[in-house]
Each structure stands twice: as structure tokens, then as C-alpha cells.
Amino acid sequence: MDCIRIISALGVFFIHYIAILSSRFSISNYLLSQIQYCLGISVPLFFITSGYCIFNKKRSYKYVSKKIIEFWLLFVLTNALCLFCNEIYMTSLNNALSKIAFFIIESLKFNFVSHLWFMPCIICIYLFVPIFTSLDDDNLYTFTFLTLIFVIFKNHIPVLNKINFSIPLPYYFSYFLCGGLIQKNLFDIKIIILALVTNIFAIIFKINNAGYHSASFFFISITIFKILLSKKIVKVSFDIRRIGSLTFFVYLFHPFFIHFLFDVLKINTFKNNNYVSFVFVGMLLFILTFLFSFALQFAKTKLKELMLNKL
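Residues numbered from 1 in each chain as written. Predicted model: local features only at pLDDT ≥ 70, side-chain atom pairs only at ≥ 80, totals over all residues. Heavy atoms only, no water.

(A) Local environment of a nonpolar patch on the surface. The grouping of I69, W72, L73, I88, L93, L97, I100, I104 and L108 at the surface amounts to a nonpolar patch, some 750 Å² of accessible area in total. Elements that contribute at least two residues to the nonpolar patch include exactly α4 (61–90), α5 (93–98) and α6 (100–108). The element that contributes the greatest number of residues to the nonpolar patch is α4, accounting for four residues. Structurally, L73 can be placed in helix α4. (Patch = residues over 30% accessible without salt bridge, like charges linked within 9 Å, V, L, I, M, F, W, Y side chains within 5 Å. Areas by Shrake-Rupley, 256 points an atom, 1.4 Å probe, with all protein chains shown as cover. Salt bridge = Lys/Arg side-chain N within 4 Å of Asp/Glu carboxyl O. Helix = DSSP H or I, 4+ residues; strand = E, 2+ residues; numbered from the N terminus.)

(B) Molecular detail of unusual backbone geometry. Not every positive phi belongs to a glycine, and N185 is a case in point at roughly 60 degrees. Its location among the elements puts N185 in the loop between α11 (169–183) and α12 (189–204). In this structure N185 comes out as exposed when scored by relative accessible area, which is 70%. A positive phi angle, close to 60 degrees, is found at K266, a residue other than glycine. Considering the arrangement of structural elements, one finds K266 in the loop between α15 (247–264) and α16 (275–310). (Buried < 20%, exposed > 50% of the residue type's maximum accessible area, 1.4 Å probe, protein only.)

(C) Representation of the packing of aromatic side chains. As enumerated under the stated definition, the model contains 33 aromatic pairs in all. When the centroid spacing of 5.4 Å and the interplanar angle of 65 degrees are considered together, the rings of F13 and F286 count as edge-to-face. Taken as a pair, F13 in helix α1 (residues 2–24) and F286 in helix α16 lie far apart in primary sequence, 273 residues in all. Ring plane angle 85 degrees and centroid distance 5.7 Å describe the contact between F46 and F118, whose orientation is recorded as edge-to-face. Placement of F46 in helix α3 (residues 42–54) and of F118 in helix α7 (residues 118–127) is noted, with a sequence separation of 72 residues between them. Each member of the pair, F46 together with F118, is buried. (Phe/Tyr/Trp six-rings, centres within 6.5 Å; stacked < 30°, edge-to-face > 60°.)

(D) Focus on the side chain of S42. Mapped onto the elements, S42 comes out in helix α3. Here L39 takes part through its backbone oxygen, which lies 2.7 Å from a polar atom of the side chain of S42. (Polar contact = N/O pair within 3.5 Å; in protein donor to acceptor, adjacent residues only side chain to side chain.)

(E) A look at the pattern of salt bridges. Applying the stated criterion to the full structure yields three salt bridges. In this structure, the salt-bridge partner of E106 is K109, at a minimum N-O distance of 3.4 Å. E106 sits in the buried class, given a relative accessible area of 16%. Its salt-bridge partner being D137, residue K184 comes within 4.0 Å of it at the nearest N-O pair. Taken together, the residues span a long stretch of sequence, with K184 in the loop between α11 and α12 and D137 in helix α9 (residues 137–154) at a distance of 47 residues.

(F) Representation of the nonpolar core in the model. Y17, F47, F118, M119, F187 and L252 are the most contacted members of the largest nonpolar core, which has 83 residues in total. Setting aside chain neighbours within four positions, we find F118 in contact with F46, F47, F248, Y251 and L252. (Core = buried A, V, L, I, M, F, W, Y, C linked by side-chain atoms within 4.5 Å. Contact = heavy atoms within 4.5 Å.)

(G) Main features of α7. Burial analysis of α7 places eight of its ten residues in the buried class, which makes it a mostly covered element. The complete set of buried residues in α7 reads F118, M119, P120, C121, I122, I123, I125 and Y126.

(H) Spotlight on α3. Taking 1.5 Å of rise per residue, 13 residues should cover 18 Å, and α3 covers 18 Å from first to last C-alpha, within 8% of that figure. Summarising burial for α3: twelve of the 13 residues are buried, a large majority. Taken together, the buried positions of α3 are S42, V43, P44, L45, F46, F47, I48, T49, S50, G51, Y52 and I54. (Expected span 1.5 Å × (residues − 1).)

(I) Quick peek at the side chain of S107. By the secondary structure assignment, S107 is in helix α6. Since its relative accessible area comes to 0%, S107 is described here as buried. A distance of 2.9 Å separates the side chain of S107 from the backbone oxygen of F103, its partner in a polar contact. Once residues within four sequence positions are removed from consideration, S107 is found in contact with F75, V76, N79, A80 and L83.

(J) Representation of the confidence of the model for the chain within the structure. On average, residues of the chain carry a pLDDT of 80, and 83% of them reach 70 or more. By mean pLDDT, the top-scoring element of the chain is helix α8 (residues 129–133) (90), and the lowest-scoring one is helix α10 (residues 158–161) (57). Confidence drops under pLDDT 50 across residues 234–238; counting only partners more than four residues distant or on other chains, this segment forms two contacts. (pLDDT = per-residue confidence, 0-100.)

Spelled out as C-alpha cells, the structure:
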């Protein structure tokens, strides 16, 4: 499971790495764009993994409340920091310092920077966790199946397609629930058939079936997750769990390192179509992000210990 978390974090990192590189240096490369599209599978994997881990037992409102407060504080601080850094880049440090209160207020109002869209999504999903983890198997399966019908067909039926969401909550909520079904061994052939029928429907009627919210992406995401879950991906001598636990911080802070490389140092890692330097620098940045995440996790643990000792 921790290996899936690391693979998912690596995929999300390279999605943003390629996107920012392409926009900063006006790079139009077919292979890079296809790699970026395929790596989009990392986002559904994150939500499926979250659901799989949460549904291993019933979750109380006390547990969920603590997690939501933690997520909310992390979101406010990270979002305010992102807005602060963007202001420095666009104007000046003095101007950014004068707007600190404004950045915090904007974060409290959930006016988020683009890469943090998943935080409001996770917070909303966690509000329902105690309800869904307490459902019996039949009710959980029925609700998940009905949710999938809505989500999968939304893009293909004009009436449903007019329904818009500020965050893609229904899509990733369905991935989260599917993770729960896999945990409880309830994921069966009916759901796979639903996805396949929708794909055939889209092909016959020439409906666009591409994109992260399509039936094809759903089918591929679930298949990859089940394959990774059934295999022992790596054998390592160190504690893989410790690395897996850092991935949430990687999701939050990796854009800082990417922006520093491209916006401050002005380094084009894809100059002259050099794939070797592109991959090497990307992996180096990813490792640096992990080290930074480890430092944050260490500081968080020590702070908790200090607070407990004082109490």
C-alpha cells in the first residue's frame, strides 16, 4: 500500500513538473504531453488508496473530527504560503508581507491555489466517512454503484453534463468508495461491466471519452490499483512505511520546489529535447521534496511530544 502511495505521489509530481516546464518555456512536445496525460492516473490512485485504508474498520466522529481539523489547518497554512510566494514572484516581498492577513482570510474562505483543489475534496469526503464506514455491505455496494452510474454517465448525457461542480468531488468520492469496496472484497464484475458498457456507448455515438473523469480512466485506474495491490512491487531493507507516510506532504509542497527551479533559477531541464536531464533533475527535485517532507514530519512529531509533555 505504501508503494502505491509513493508511485501516486511520483506521478502527481511529474504531472506538475511537465505542466510548469511547458508553460514557462513554451515547450510543445507530443511525447511529454502524452506522458503527462497517462500520469493523470495518479490522482484516482490517491483517492482509491485513501478509501482502501479508511474502510479497514469503522471510523468514529472523534477520529474524523481530528483528521478534518488537521487537514484544514494544513490547507490554510499551505494555501496562504502559496499565495504569499506567488505575490513575491509577481510583485515584491514588501507587497507580499503587507498582504499576509489577506492571504490567510482567502485561505479560510477556501479560495485555493490550483494544486490544492484536492484538500477541500478530502475534507468534504471525510465528513461522510463515519456514515459510510458504518454501512452494511449491501447498502455500501448499492450506494457506490448508484454514485458510479451518475459519475460515469455524467459526461455522456447532455442533461447531466450541464451540472457543474467547483471541485470534482463526485468523481473522486466515487474512487474513494471503490477503494472501500476493494477493501471489503465487494468490488465485482458488475462495476467493470458498467465501465466497459459506457466505453462502448461512447465509441458508438462518438462521444468524447477522454479525460480524468471518463469511464475509460475509471476502468484503467481500478485495474492498475488492483494489479499493484496484488503484487509485491519492491523488496527493500528500510522502512517503506516511513516513506509512504510522507507522501501527503509531497502533494502539498512539491510545487514550491518546481517553481523555484523554473521561476527563480530559470533552469530549462528539457533544453534541446534532453530527456536524460529532464528525468534526472525531476527525480532529484522529487527526492528533495521527500527530504523536506521528512523534516516537516519530524518537526510535527517533536512539537506534539513537547505539547504532551507540557500537559
